[in-house]
Amino acid sequence: MINREMIDASNLVAGVDKAFWIILSISFLFLIGLTIVMLYFVYKYNKKRHPKAVQIDGSVKLEIIWTGIPLILVMLMFYYGWKGYKPVTGPAPDGAMEITAVARMWNFQFQYENGKRTDTLYIPKDRPVKLNLKALDVIHGLSIPAFRVKSDMVPGRKDHSTWFIPQKEGKFDLFCTEYCGLNHSYMYTAAVVMPQEKFDKWYKDKSAAPVADKAAKPGAQGLALLQKTGCVACHSFNGTKLIGPTFKGIYGAKHVVKRGKEEVEITVDDEYIRKSIMDPNAEIVKGYKKGLMLSYKEQLTDKDVDLIIEYLKTLK
Amino acid sequence: MNQEVSFYEVKKYKTGILNWILSTDHKRIGLLYLYSILAFFIVGVCLGLAMKLELIAPGKTIMEAQTYNAVFTFHGIIMIFLIIIPGLPAVFGNFLLPIMIGAKDVAFPKLNLLSWWIYVLGAVVALMSQFMGDGPPDTGWTFYAPYSFKTSTTMLPAIIGAFILGFSSILTGLNFIVTIHRMRAPGMTWLKMPLFPWSLYATGWIQLLSTPIVGITLLMVVAERTMNIGFFDPALGGDPVLYQHLFWIYSHPAVYIMILPAMGTISEIIPTFSQKTIFGYKAVVASTLLIAFVGYFVWGHHMYTAGMSDTAVWLFSLMTFLVAIPSAVKVFNWIATMYKGSINLKVPLYWALGFLFLFMVGGLTGLVLGAVATDVQVHDTAFVVAHFHFVMFGGVGTAFFGAMHYWFPKMYGKMYDESWAKVGFYTFIVGFLLLYMPMFWLGMYGMPRRYYDYLEQFHGGNIISSFGALVLVAGLAIIIINLVTSARKGKKAEKDPWHGKTLEWQVDSPPTLENFDTIPVVEKGPYEY
């Protein structure tokens, strides 16, 4: 709130910050005032200066005053607190850009109406943005502090959304605010606000992996997919054991997996990789925990999986 | 039985320890709680310090993310369930409530001992989660669904431990309510009762009425985990937000279980050291009862961003602002009590003044969290962590130390070293402010809570905060060492070192087994000088 660069990054900033200023200034005055009075009494009525206490039982008048005035002040705070929040309460205006934000341990994915999927929230300036909030596993939170936007993403809820109007170009931090396990503190990305024309150009660019350099070595698109889908939060490229097995040398490797109750040795091939992405808990590699990874059916197409397999083959 | 010797001298068993753990004397039980709580507190502080050291720099500093997540969970469970909730009522309530109302013991002494045993059992079960199965719990002390179902760490003992601890709390509450109703000395009408017993009375009702809700909720979690009944987990058709409602229906009133006895303590200390009757006795009593009552209707302010209806958000915000008023009224009355007093600036009053300042910061920043727009910005950030540490640690914690320094001569019959106590106090306050103040700023800039690692822009605030933690721990060490050595080697204390007027200052220090030779007859108000 104090940062000048942040001022009016969204339509909510003015109202929220007004509530901050009103509440914090009244609070500050009370804190300083009461502390000074308290210390003054301790000094003035110290037994050295004031050896005999004057017994005072109380005063109804004072009780009424110091109930009444704070009551008025807190009602004022309540009012501005509600007013600053009010814009979010109604439905998003017509013509809002609708984006579905999907959270899972431990990444965000943003799904656009034309099928574009990204790990960063790209949005046009000055146009209302409606975010449909979905979580696949546990509760996450979507917070863009510069916009004063925050909402929990609750698994199982289908109709939960929030909306705002970005008013400033730039890149803004976007955090997960609801504790969601091991890599909670690494579950952040950015909201990138672009002018409408620049956004349109980006929006129409149909390339599968907008973040990657397509001319790069074989499988680069697969790598980009792994990164933007968040696979790398749990699977390393360098052989380190994270939540899931490392990707290094995974293609063609032999692993013991648990199929139902029995343990079976399998070779990691196209079919196993596909199954591990679409139905990950069917066959879990021994030594890893079941239930941590969910199906990526809704986030990756068959073609995406092909690209990923092509890339995994290169990781010797 | 010889009434002249202190309760420490009365021994039923040959083995020393049995005289403690099988005693039904409210004073011994109070001390049992004190020593158990002190042991857990030292563990909780070490865990808190470990977190702050991890956060002194971005990236891994001293531990892995999984360890950090387990550490903040354990820190929360210990501090909330094992220390602050039982805290003041179990230690000072047990030791002093009967004496302050002129009784020989609580109404149900055996039940009282049972509640300590249940406390120990609950604590042991909760601690087992640290050493069993696939590692210590990593959900945070709130056990939010559905993460608490998804995690592979050992949840059940922690949850069952919290469930068992609830019974200890219920029994203590019940015992105090009955004691206050039935056992006040002749002449002590309700409005002649001191304010600390009043606060225990209000607290007792919250313990009795709201603890069963968390009990049921935790049982539902156990049923869901073991029998796959879908209450809260959407994968089984449950609703995670329902869990939050049930959890906070208890856990918000629980905040008042913690703070009301702290307020009661301050209401004792300030009149004594001002040598003056409390300003607005009836207003203080009324505000205690109002806080206990209105406190039931504000739980939703933990959930503004959880996707409740806007009407619910509106209403919970309004109720939250209303509950602020009785707390403010108390602060005004405390400060007015010092007006034209004859102030004896001793260590307990230092702590009361420290309480007032830190509690005001905690309470006023609570207004930021009560207002919807501002809460949405700082919810689930470091701001919230700073706020509740100001209220819980700065409020309840300082009141506990205040109570400790106020009633120490009564409990041990010894006096502590006052200059070391002051050094400890100042170190504590400086460390406290350095530790928690920067977190308000970090939160407003958006740093989420329960964060193992953070972006570079949050580094500065975290350095100050971690440094503050070191200072704070030094302060705590000075305070505790001073009290422990004084309990053993301090100078003998007088019966009434502070010139207090409440009944506990009329009995011996330490008190005899049955407190009073003859039950006193009360004719005056509690603070009539």
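Residues numbered from 1 in each chain as written. Chains lettered and ligands numbered in written order. Predicted model: local features only at pLDDT ≥ 70, side-chain atom pairs only at ≥ 80, totals over all residues. Heavy atoms only, no water.

A few words now on the overall build of chain B. A count of helices and strands for chain B gives 16 helices and 2 strands. What you see for chain B is a C-alpha radius of gyration of 23 Å, in line with the 24 Å of a compact globule of 529 residues. Taking the principal axes of the C-alpha coordinates as reference, chain B spans close to 65 × 50 × 45 Å. Burial status across chain B gives 69% buried among its 529 residues. For chain B, long-range pairs separated by at least 24 residues make up 81% of all intrachain contacts whose partners lie at least 6 apart in sequence. As displayed, chain B offers around 17000 Å² of accessible surface, 69% of which is attributable to carbon and sulfur atoms. Taking the average place of the 31 positive charges on the side chains of chain B and the average place of its 27 negative ones, the gap between the two points comes to 10 Å. (Helix = DSSP H or I, 4+ residues; strand = E, 2+ residues; numbered from the N terminus. Rg over C-alpha atoms; globule rule 2.2 N^0.38 Å. Buried < 20%, exposed > 50% of the residue type's maximum accessible area, 1.4 Å probe, protein only. Contact = heavy atoms within 4.5 Å. Areas by Shrake-Rupley, 256 points an atom, 1.4 Å probe, with all protein chains shown as cover. Lys, Arg positive; Asp, Glu negative; His and termini not counted. Charge placed at Lys NZ, Arg CZ, Asp CG, Glu CD.)

A few words now on the sheet that holds strand β5 (residues 129-135) of chain A. All names here are of chain A. One open sheet accounts for 5 strands, arranged β3-β2-β1-β5-β8; its pairing is mixed. The open sheet is flanked by β3 (117-118) and β8 (161-164), the only strands paired with a single partner. With 7 bridges joining them, strand β1 (residues 97-104) and β5 adopt parallel strand pairing. Looking at β5, one finds that A103 is bridged to A135. Contacting β1, β2 (107-112) and β3, helix α3 (residues 196-204) runs over the sheet at an angle of about 95° to β2. (Pairing = 2+ DSSP bridges. Axes fitted to C-alpha atoms, helices over the stretch in contact; angles between N-to-C directions.)

Take the interface of chain B and chain A next. On the chain A side, the residues contacting the 85 residues of chain B number 77 residues. Counting each side, the surface lost to burial between chain B and chain A is near 7200 Å², with a carbon and sulfur contribution of 70%. On the chain B side of the interface with chain A, the three residues burying the most area are F332(B), Q377(B) and Y445(B), jointly 9% of the side's total. Linking chain B with chain A are 0 salt bridges. (Buried area = accessible area lost by both parts, 1.4 Å probe. Salt bridge = Lys/Arg side-chain N within 4 Å of Asp/Glu carboxyl O.)

Let us look at the pairing of β5(A). All names here are of chain A. Burial analysis of β5 places 5 of its 7 residues in the buried class, which makes it a mostly covered element. Pairing between β5 and β8: 4 bridges, direction antiparallel. When the sheet's bridge partners are listed, L131 is paired in β8 with T162.

On to the environment of I21(B). Here I21(B) is to be found in helix α1 (residues 18-21). In the structure, I21(B) is positioned 11 residues away from L32(B) in sequence and 7.5 Å away in space, judged by C-alpha atoms.

Residue placement: P234(B) occurs in the loop between α8 (195-227) and α9 (240-274). In this structure the C-alpha to C-alpha distance between P234(B) and P146(B), which are 88 residues apart in sequence, comes to 7.5 Å. Sequence-distant contacts of P234(B), defined by excluding residues within four places in its chain, comprise P155(A), G156(A), P146(B) and P240(B).

The next point concerns the confidence of the model for chain A. In the predicted model, chain A carries a mean pLDDT of 87, and 94% of its residues have values of at least 70. Confidence, read as mean pLDDT per element, is least for helix α4 (residues 220-229) of chain A in chain A (79) and greatest for strand β6 (residues 140-144) of chain A (96). (pLDDT = per-residue confidence, 0-100.)

In this section: the sheet that holds strand β11 (residues 254-259) of chain A. All names here are of chain A. The 3 strands are arranged β12-β11-β13 in an open sheet whose pairing can be described as antiparallel. The two strands at the open ends of the sheet, each matched to only one other strand, are β12 (262-267) and β13 (283-285). Each neighbouring strand pair of the sheet contributes to a mean axis angle of 40°, computed without reference to strand direction. Across 6 bridges, the pairing between β11 and β12 is antiparallel. Counterpart to V256 in the pairing with β12 is E265. Packing of helix α5 (residues 270-278) onto the sheet brings it into contact with β11, β12 and β13, and relative to β13 it is tilted by some 100°.

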